[in-house]
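Each chain, written out:
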Amino acid sequence: MGITIINYILGPTLLALAIFVMWKNRKSINSILICTMLLGTFFVAVGTGLGYDLGNKEMFESSLWLVKFAGIGVFTIYFSIFRLSLSYPYEKSMKATTIIMSVLLLAIFYVILFTPLYVSAIELRNGIFFRVEGSLYKYMSLAGMLLLIASIVIFLIRKSKMENRIHKLQINIIVIGNALSVLVGVMVSIVVPSVFGIFTLYPLGSLVGVVMGGSLIYAISTYRMFDISSALYKTLIFLIFSSVIGVLAGVSFGLANKYLSEISPYLTVAALAILFGLLLLLRKVIQKNLVRIFKRKTEYSEDLEKGLDSIDFSKGKEDVTSKLVEILSNNVGTSKVTILSETMIGELTISFSSANIEKMNLEKNDEFVKHLVNIHQEVIFKTEVYTNPIFAKFKVEILDLFLQLSAEAIALFIEGTSLIGVIALGEKESMEQYDTYDFKIMNKIMPKLFVIMYYLRNIERQSVAITVDKEVKLSEQIISSLLENIDHIESENVDCYFLNKFTSGLGGDFVDIIKLGKTKTMMIVGDLAGKGINASMSMIILKSVIHTFLKETSDFKMLITKVNSFIKANLPRGTFLAGLFMIYDSATNQVFYVNCGIPLVYLFSNDYNSVIEIQGEGKILGFVKDISKFLVVKKVNLNSGDILFMTTDGIIESESLTGEMFGKEKVHNHILENKDKTSKEIVDSLFGKFSNFVSNAINDDITIVSLKYAKKPII
Amino acid sequence: MGVAMYRVLKKVYLFILAVIFAISFAFFVVWLFRDQSFLYFAIISGISFLIVSYVFVLLRRAIYKALYKKYVLSGFNQRIFNFYDKIKVSFSINDFVNITHDILEDEADFSVLWLNTKNNSSIYNTLSSTITSNSANIKILIEKYTDLDEGIYYMDKDFVLTEYNKNPKSVVFSISGYLLFIFSHYLSVFDRHLFKNVYEEFHAYLMRVDMIEKMFSLSAISKEWALLAETQQSFLPTTLPEIKGLNAHVFYEAFGNVGGDFYDIIKISENKTLFLMGDVSGKGLSAALIMGVIVNTIKIIENKEDLLSIITGVDSAVKTMGFDGKFTALFTGLFDTQTKKMEYINSGIPEPWVVSDGVFKILSTNCPLLGIIDLGEVQSDTIQLKNGDLILLSTDGVTEVENDQGEMLGDSQKFRDVVLKHVKETPQEIADFIIDVVKHFNKHGKLRDDIALMAIKVEE
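Residues numbered from 1 in each chain as written. Chains lettered and ligands numbered in written order. Predicted model: local features only at pLDDT ≥ 70, side-chain atom pairs only at ≥ 80, totals over all residues. Heavy atoms only, no water.

Side note on a negative patch on the surface
Next up, step 1: Residues Glu347(A), Glu363(A), Asp366(A), Glu397(A) and Asp400(A) make up a contiguous surface patch of negative charge.
Next up, step 2: Exposure remark for Glu397(A): the relative accessible area of 34% places this residue in the partly exposed category. (Patch = residues over 30% accessible without salt bridge, like charges linked within 9 Å, V, L, I, M, F, W, Y side chains within 5 Å. Areas by Shrake-Rupley, 256 points an atom, 1.4 Å probe, with all protein chains shown as cover. Salt bridge = Lys/Arg side-chain N within 4 Å of Asp/Glu carboxyl O. Lys, Arg positive; Asp, Glu negative; His and termini not counted. Charge placed at Lys NZ, Arg CZ, Asp CG, Glu CD. Buried < 20%, exposed > 50% of the residue type's maximum accessible area, 1.4 Å probe, protein only.)

Rendered as structure tokens:
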């Protein structure tokens, strides 16, 4: 063993790679050719390695056969590369050519294996492995080399006629790989032996095939463009890094071996081990510093992200769109940006285009669109559509989409299983292709773009919302004047206070106080089903209608019956009113009330120092045609210190973030704790507690009323 | 003590690995190649070093990863890991609070305080902890850190910012106006890298939730708005009653989603029919709200033959509600199909016309606008009509449309010409022609107001 260990490692690796390539793309002719080439390299690696070792062990017969097999491998490589150069990247069977080449190759196999014309014998010269070349060896090797060079030339000629840039790039990779492999071959088999006089590197000849095979695999798995100059730059850095470390390691190990091995091999081992450790440290330090150099100058990721973050959604669709386009243009470097977004009726249409595309409809139900949605690749480059097998099924349709959008790259925005938008980027002004760096960055910013796309899709709704907001602001004054425009209970013994809070500027809760006579005052606490503008419209109407009814009738029950019929007959279906109607008579300190669905009415009795529920059961208005038979008038006598307290369901049914309901008990305890305070204090502090409890913005209208009867002492 | 163990073991394993690699490398190189020339030895050992050192780096990485998983992503740290893993699938405040509660509080025994510095409120706080349930503390923290730059900070027990390695008692995440405090006595046992992950996920979560909430409310508002238009439509008649001796047609279009114009044709008795045409001052929602009140007030007025009671009812409804500065114009006409007489009160509807024998008569205003000033004494007028007469009632959206020369439609000859030209046709055709003129009267073809037009023809 020794140097051949490299061959033994390479052998199985190459075999595995060959199998992998075949397995990955079973029907592809290019894969078969690459697989053949890799198998050839496998023969070279194992043949030269094992042949070399057996030769050195004087097993010349076996060694000769192995070396001959390596020869077979070499020509297999040449032929498969040549054949590949004729058709790659396209899948062409070229039967006639292939058969002729195969026959020729078989003939060469015969010459190598069964005649001494290629390699005639293996022997040891000066104790070193030596391969006795046959009379045709030089010519055959030269022919092989020429075939390889011819392949490179053919590749280059074909490349110059190609339109597709990704194919050009792939061929570039192969050509560079082949050129490099020729270089390696020349180094290993000519320069090192003749210049340095080292003849023992023979087994490393298989590196030629390895470099070639590597470049082929890299080429076929390159779906997206990458900037070849920056790739070369990185490779160069890597090579320099490796060479510096390698040379340092080699020299220091060599010197240690030279001067110490004569003293003691153990000392050499120890010295080498220490050097190994030090070199590891050095390697780490150099690498750390190199990371900085590795960064590309044209990196725009940060600016792009910052730009997207700076988009101000409050400025409206056009501003957001133009900012988005500007940011994409500046950073990615394209002036052609097209945005498709889903309309309110679910169609994907152009919402913006700086590529002068005026009309374009993407049908969401098209098979290829469904396919694009299903494969879950959000960023797609045009170059990739040609090469990546996942697009193969709908290649034509997808390319047509790119053509229609004059795009080189598209980003798909998918919500669930539905495509809600597409951003298409045209070619870069620098004429450079979208590369792997762009791909990485675009994927990274997808969530941010998604938010913007989501916004653009909802822009029509946004404009509605802005209108509503404006309208609500204009109407708030009407609502508030309406809510505040109420009578008061004119009695110095009564302390009445209520609080109305709406989820938005408008709501369906209301409290109305209407003076009926000298001592009688009516109070209505109402909560209309729903919230927001609709509930508030019904609320205003109801409030007005109640006033009108009160002019015609002073009968309590009659009023409620009329309100009920009115809701049922005139207000939109689904309008219901939970309300408490009560009349306070200051002459008797009595409260008559009918509860139609207010969930909580408490009476704090000062005499008993207890809070009792007195809401009873009542029907909500607007359900049944005739409510009169369900109406029950109740009466409460107020004594000094008593508190009548009520809230709508907004308070007791609201939940905290952990899902706990506010409930009645907290209200109950609150009244007991604060019974000596004023109505305003009781109500405000309850609302304070409630706000803390829900943490969030309230999500139902809220009304709290406290009516405290406290007889002023007669002075 | 997972993280400390991890750090120690990292060093131990690194040392062992380096020793094994160094000795075996040195041993093999010396054993295999020591008799070779200097150059050969240097090349082979140099290349071998590159390969072996690369393998070494790979192995070291694998070992670190395994150690990290075993010691950092386990025990205490596992909980933090679980936490930020779950943030990824949080889409609402409730989701976030639930995982905070389940993982940070219940499993890891942290107390958590989440503040919104934009409105100085606490979104969530752990109630079982004395630190986070104390409102004084919350106040102090809000005051102290409202303007904290975005980032991760550590705080000691006195709420003073400190370093991670100085035994902090709390980690603070400050992101776009939100402050998330996580308190623990054992904060230093948790790996700070995990806090970085929490920060990033929390940030992404806030962005996500913000957008989701906005989108959600957008769609809710647009639904509500559409519903309001439906509600308003429901206050207007969907079909006009069939009345012998009358043929009527109404065109109505709100300028926005909703408007303040309203109309109705109500058959009161066998011979009596009531026409209503109204226009609330202003446009949009505010006008629509008042329109709702007025229409419904009229509906509940029992004696609709008494025009005065309708007028006073509406007037009083608007006044009682105290709508600031809002008023309405209203035309009420009571037509008797037998006598062909129409009793009417016109409170400010501009130019209701009667076209009779090719002559335009204007039913002038005989009552002030409703809801704003004292009505004083109002008396209705009566007009005798005959078969073939045309009554045109419209709001100012029709009559006050201006052309580019500033001329109003109601004053223009063009309008009269169109009406006279088509006067023999059906009310619907007449209305359509008029609306066509309205829409093209100015060159922009844009409406600036609600439009309501009622065309009624007296017939046999």
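Points about the pattern of salt bridges
All names here are of chain A.
Next up, step 1: This model, assessed by the stated rule, comprises 24 salt bridges over all chains.
Next up, step 2: Lys370 is paired through a salt bridge with Glu367; the nearest N and O atoms lie 3.9 Å apart. Placement of both Lys370 and Glu367 in helix 12 (residues 367-375) is noted, with a separation of 3 residues, approximately one turn of the helix.
Next up, step 3: Residue Lys370 is classed as partly exposed on the basis of its relative accessible area, which comes to 37%.
Next up, step 4: For Glu408, the salt bridge goes to Lys382, with nearest N and O atoms at 3.9 Å. Note that Glu408 is positioned in the loop between helix 14 (395-404) and strand 7 (409-415) and Lys382 in helix 13 (residues 382-387), a separation of 26 residues in sequence. Note on accessibility: Glu408 and Lys382 belong to one class, buried.
Next up, step 5: Three or more residues are tied together by salt bridges with common partners; here these are Glu342, Lys364 and Arg457. (Helix = DSSP H or I, 4+ residues; strand = E, 2+ residues; numbered from the N terminus.)

Some points on the nonpolar core
Next up, step 1: Membership of the largest hydrophobic core comes to 101 residues, with the highest contact counts inside it found for Phe581(A) and Phe275(B).
Next up, step 2: Setting aside anything within four residues of it in sequence, one finds Phe581(A) in contact with Met523(A), Ile524(A), Ile546(A), Phe556(A), Leu559(A), Ile560(A), Phe592(A), Tyr593(A), Val594(A), Cys596(A) and Leu621(A).
Next up, step 3: Leu10(A), Ile77(A), Phe25(B) and Val30(B) belong to the second largest nonpolar core, which has 85 residues in total. (Core = buried A, V, L, I, M, F, W, Y, C linked by side-chain atoms within 4.5 Å. Contact = heavy atoms within 4.5 Å.)

A closer look at the sheet that holds strand 3 (residues 151-155) of chain B
Residue and element names in this part refer to chain B.
Next up, step 1: Read across the sheet, 6 strands follow the order 2-1-6-5-3-4 without closing on themselves; strand pairing throughout is antiparallel. Each of the sheet's edge strands pairs with one partner strand only, and the pair in question is strand 2 (121-125) and strand 4 (161-162).
Next up, step 2: Note: strand 5 (residues 170-175) against strand 6 (residues 178-183), 6 bridges, orientation antiparallel. Within strand 6, the residue paired with Val171 across the bridge is Ile182.
Next up, step 3: Sitting on the sheet, helix 5 (residues 135-145) is in contact with strand 1 (111-116), strand 2, strand 3, strand 4 and strand 6, with an inclination near 55° to strand 1. (Pairing = 2+ DSSP bridges. Axes fitted to C-alpha atoms, helices over the stretch in contact; angles between N-to-C directions.)

Describing unusual backbone geometry
Next up, step 1: Positioned with a positive phi, His376(A) is a non-glycine residue whose angle comes to about 55°.
Next up, step 2: Residue placement: His376(A) occurs in the loop between helix 12 and strand 6 (379-381).
Next up, step 3: Residue classification places His376(A) among the exposed positions, given a relative accessible area of 57%.
Next up, step 4: Positive phi values are uncommon outside glycine, yet Asn167(B) reaches one of about 55°.
Next up, step 5: Tracing the chain through its elements places Asn167(B) in the loop between strand 4 and strand 5.
Next up, step 6: Its relative accessible area of 41% is what places Asn167(B) among the partly exposed residues.

Some points on the packing of aromatic side chains
All names here are of chain A.
Next up, step 1: Under the criterion given, the structure shown has 48 aromatic pairs over all chains.
Next up, step 2: On the basis of an interplanar angle of 50° and a centroid distance of 6.2 Å, the ring pair of Phe413 and Phe450 is categorised as tilted. Taken together, the residues Phe413 in strand 7 and Phe450 in helix 15 (residues 436-457) connect sequence positions 37 residues apart.
Next up, step 3: For Phe413, a relative accessible area of 0% translates into the label buried.
Next up, step 4: The exposure class of Phe450 is partly exposed, given its relative accessible area of 22%. (Phe/Tyr/Trp six-rings, centres within 6.5 Å; stacked < 30°, edge-to-face > 60°.)

Focus on the side chain of His167(A)
Next up, step 1: By the element assignment, His167(A) lies in helix 6 (residues 165-196).
Next up, step 2: Leaving out residues up to four positions away in the same chain, His167(A) has contacts with Pro89(A), Tyr90(A), Met162(A), Tyr386(A) and Thr387(A).

Some remarks on the interface of chain A and chain B
Next up, step 1: Counting residues at the interface gives 72 residues for chain A and 70 residues for chain B.
Next up, step 2: Note on chain A versus chain B: buried area summed over both sides is about 6300 Å², and carbon and sulfur give 75% of it.
Next up, step 3: Counting the surface chain A buries against chain B, the share from its top three residues, Phe276(A), Met537(A) and Leu657(A), is 11%.
Next up, step 4: With a closest N to O distance of 3.8 Å, Lys562(A) and Glu302(B) form a salt bridge.
Next up, step 5: There are 9 residue pairs in polar contact (both at pLDDT 80 or more) connecting chain A and chain B.
Next up, step 6: Those elements giving two or more residues to the side of chain A that touches chain B turn out to be helix 8 (228-260), helix 9 (265-294), helix 15, helix 16 (459-484), helix 17 (532-552) and helix 18 (556-570) of chain A.
Next up, step 7: When residues of the side of chain A that touches chain B are assigned to their parent elements, the largest contribution, 15 residues, is made by helix 17 of chain A. (Buried area = accessible area lost by both parts, 1.4 Å probe. Polar contact = N/O pair within 3.5 Å; in protein donor to acceptor, adjacent residues only side chain to side chain.)

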